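# Remarks on the overall topology
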Amino acid sequence: MTILLTGAAGFIGSHLTEQLLAVGHQVIGLDNFDDQYDPYRKYDNIHAFAEHPRFELIKGDIRDQALVSDLLKRHACDTVVHLAARTGVRTSVTEPARCLDVNVNGTLSLLEAMRVTNVGRLVMASSSSVYGNSNNVPFREDDSANQPLSPYAMSKRSGELLAYTYHHLYGFDIACLRFFTVYGPRQRPEMAISRFTEQLINEQPITLFGDGTTARNYTYIHDTVMGILRAIYCLSGYNLLNVGGPTSVTLHELVQLIERAVGHKATIDWQPAQPGDVVLTCADLSLAAERIGYRPTVSIDEGINRFVRWYKQDLAKNETHI
Ligand SMILES: NC(=O)c1ccc[n+]([C@@H]2O[C@H](COP(=O)([O-])OP(=O)(O)OC[C@H]3O[C@@H](n4cnc5c(N)ncnc54)[C@H](O)[C@@H]3O)[C@@H](O)[C@H]2O)c1
């Protein structure tokens, strides 16, 4: 397959590219190296495969419809995986217009480019945040998802709805995958597991928001990538699917796991809960198991140990380069 992958230089995109290349596909990676976090980290993310003969990187924006149409045509792409986004719940509260422009207008522009070039296969990233503070636990794909608590959540739900319209009007095969907090090597630096690990290793206090009882379903990157791959192979009709990890853990439990992996206790700076944050995310994975055979395999204990091991190695590698 020849796959146009938006957001290829990001955390999930770079892992997915490695896997797609490993199993023999051609990847056209589109990324604008957005400044949500240090763009140099993204160059680092793709460093290992930048010269691969079946990989091409295009530095450009998903909102540039002419560019995307040209790429789809020129490379005869048959499938699009859309991961590019303005990520982050909290920054979406402070910069809502930017979030909606990339996540809604950008998705629309991509769908239009697909329509004019007759490419009708799309796997796209959605998010567990679309469930808001739902009382139906675990979250199921047929829950209403119409009370988003942040512009980011609203933009992700809008993307799903836009995708449905293109499925209805033009017969596109689309899978919208609702990811549940993904972690692992190269995780975005502002995300909790990365931040806590960095602060613990540097013996700095950890800032925790709320009272420690908020809980999240965490998904190890390997499982997320396998979920995307399975969705590509099983694409048919329109599907909303939860792609999450095996369990949910509280913030308290998460910090204890990182403390154990790093080898010492944290000093905690408690701060009030942040606007837009949800209390709990908890995934019902039965539909993804039935439709695409998705089953997460990495427990949170194992995943945190792997992450902290990688973090220390990466730190050591960077220190030897200074
Ligand atoms: N990481 C998670 O826990 C998580 C959870 C739920 C959903 N998601 C979704 O998964 C996707 C990937 O997330 P990630 O954690 O890898 O984030 P990331 O920020 O590391 O990757 C996103 C990439 O998209 C690129 N990008 C942003 N705007 C662009 C634009 N206009 N044109 C082209 N490229 C652009 C960025 O430069 C970045 O490299 C996103 O859609 C995100 O909303 C992630």
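Residues numbered from 1 in each chain as written. Predicted model: local features only at pLDDT ≥ 70, side-chain atom pairs only at ≥ 80, totals over all residues. Heavy atoms only, no water.

In the annotation of an unreviewed UniProt entry, the entry for the chain reads UDP-glucuronate 4-epimerase, and the organism field reads Spirosoma utsteinense.

### Notes on the nonpolar core
Threshold: For our purposes a nonpolar core is just a set of buried Ala, Val, Leu, Ile, Met, Phe, Trp, Tyr and Cys residues, chained together by side-chain atoms within 4.5 Å. Accessible area is worked out with a 1.4 Å probe on protein chains only. A residue is then buried under 20% of its type maximum, exposed over 50%, and partly exposed in between. By the criteria applied, helices consist of DSSP H or I runs no shorter than four residues and strands consist of E runs no shorter than two, each listed in order from the N terminus. Residue contacts are defined here by distance: any two heavy atoms, one from each residue, within 4.5 Å place the two residues in contact.
One finds Ile228, Leu254 and Ile304 to be the most contacted residues of the largest nonpolar core, which totals 64 residues. Considering each element in turn, this core owes the most residues, seven residues, to helix α9 (residues 251-262). Among all residues touching Ile304, those that are not within four sequence positions of it are Tyr183, Ile193, Leu254, Leu257, Ile258 and Ala261.

### A look at the site of the ligand
Heads up, the rule is: Consider each residue's heavy atoms; a residue with any of them within 4 Å of a molecule or strand counts as near. Whenever a nitrogen or oxygen atom comes within 3.5 Å of another N or O atom, the pair is scored as a polar contact, on the condition that within protein one atom can donate a hydrogen and the other can accept it, and that pairs from neighbouring residues in sequence are kept only if both atoms are in side chains. Note on areas: Shrake-Rupley with a 1.4 Å probe; residue coverage comes only from the protein chains shown.
The immediate surroundings of the ligand are formed by 30 residues, with Asp31, Tyr37, Leu83, Tyr152 and Val182 found nearest. Between the ligand and Phe11, the relevant distance is 2.9 Å, taken from an oxygen atom to a main-chain nitrogen or oxygen of the residue. A distance of 2.6 Å separates an oxygen atom of the ligand from a polar atom in the side chain of Tyr152. Here the ligand loses 98% of its free accessible area of 830 Å² to cover by the protein chains.

### Overview of the side chain of Glu259
Secondary-structure assignment places Glu259 in helix α9. Ignoring any residue separated from it by four or fewer positions in sequence, one finds Glu259 in contact with Leu200, His264, Lys265 and Ala266.

### Structural notes on the UniProt feature "domain: NAD(P)-binding" (unreviewed entry) in the chain
Note the threshold: UniProt positions are given in the numbering used here, feature names are shortened, and annotations may be inferred rather than shown by experiment.
UniProt records the feature "domain: NAD(P)-binding" (unreviewed entry) at residues 4-306, using the numbering of this structure. End C-alpha atoms of residues 4-306 are separated by 30 Å, and the span's content is 42% helix alongside 18% strand.

### A closer look at the pairing of strand β2 (residues 26-31)
Here is the rule we go by: Strand pairing is defined by DSSP finding a minimum of two bridges between the two strands. Place the viewer so that the strands point away; then a crossover is right-handed whenever the path from the first strand over the helix to the second strand goes clockwise.
Along β2, five of the six residues are buried, which leaves the element largely enclosed by surrounding structure. Judged from the five bridges that link them, strand β1 (residues 2-6) and β2 form a sheet pairing that is parallel. Note on β2: the bridge partner recorded for Ile3 is Val27. Following the backbone out of β1, through helix α1 (residues 11-22) and into the adjacent parallel β2, one traces a crossover that is right-handed.

### Considering the sheet that holds β1
The following threshold applies: The axes are straight lines fitted to the C-alpha atoms, using for helices just the contacting stretch, and the angles between their N-to-C directions are given from 0 to 180°.
One open sheet accounts for seven strands, arranged β3-β2-β1-β4-β5-β6-β11; its pairing is parallel. Sheet topology places β3 (55-59) and β11 (238-243) at the edges, where each strand pairs with a single neighbour. Taking each pair of neighbouring strands and ignoring which way they run, the sheet shows an average axis angle of 20°.

### Observations regarding the pattern of salt bridges
Heads up, the condition is: By definition, a salt bridge exists where a carboxyl oxygen of Asp or Glu is found within 4 Å of a side-chain nitrogen of Lys or Arg.
All chains considered together, the criterion is met by 18 salt bridges. Between Asp35 and Arg98 there is a salt bridge; the shortest N-O distance is 2.9 Å. One end of the pair, Asp35, is in the loop between β2 and α2 (39-46); the other, Arg98, is in helix α5 (residues 96-117), and 63 residues separate them in sequence. Judged by its relative accessible area of 33%, Arg98 falls in the partly exposed class. In this structure, Glu302 and Arg306 form a salt bridge, with 3.0 Å as the shortest nitrogen-oxygen distance. Of this pair, Glu302 and Arg306 both sit in helix α11 (residues 300-321), four residues apart, which is roughly one turn of that helix.

### A look at the state of the cysteines
Our working rule: Two cysteine sulfurs form a disulfide in these notes if their separation is within 2.5 Å.
With the rule as written, the count across this model stands at zero disulfides. For Cys99, which is in no disulfide, the shortest distance to another cysteine sulfur is to Cys176 and amounts to 16 Å. Relative accessible area serves as the criterion here: at 1%, Cys99 is assigned to the buried category. Cys176 supplies the cysteine sulfur nearest to Cys234, a cysteine that is in no disulfide, at a spacing of 15 Å.

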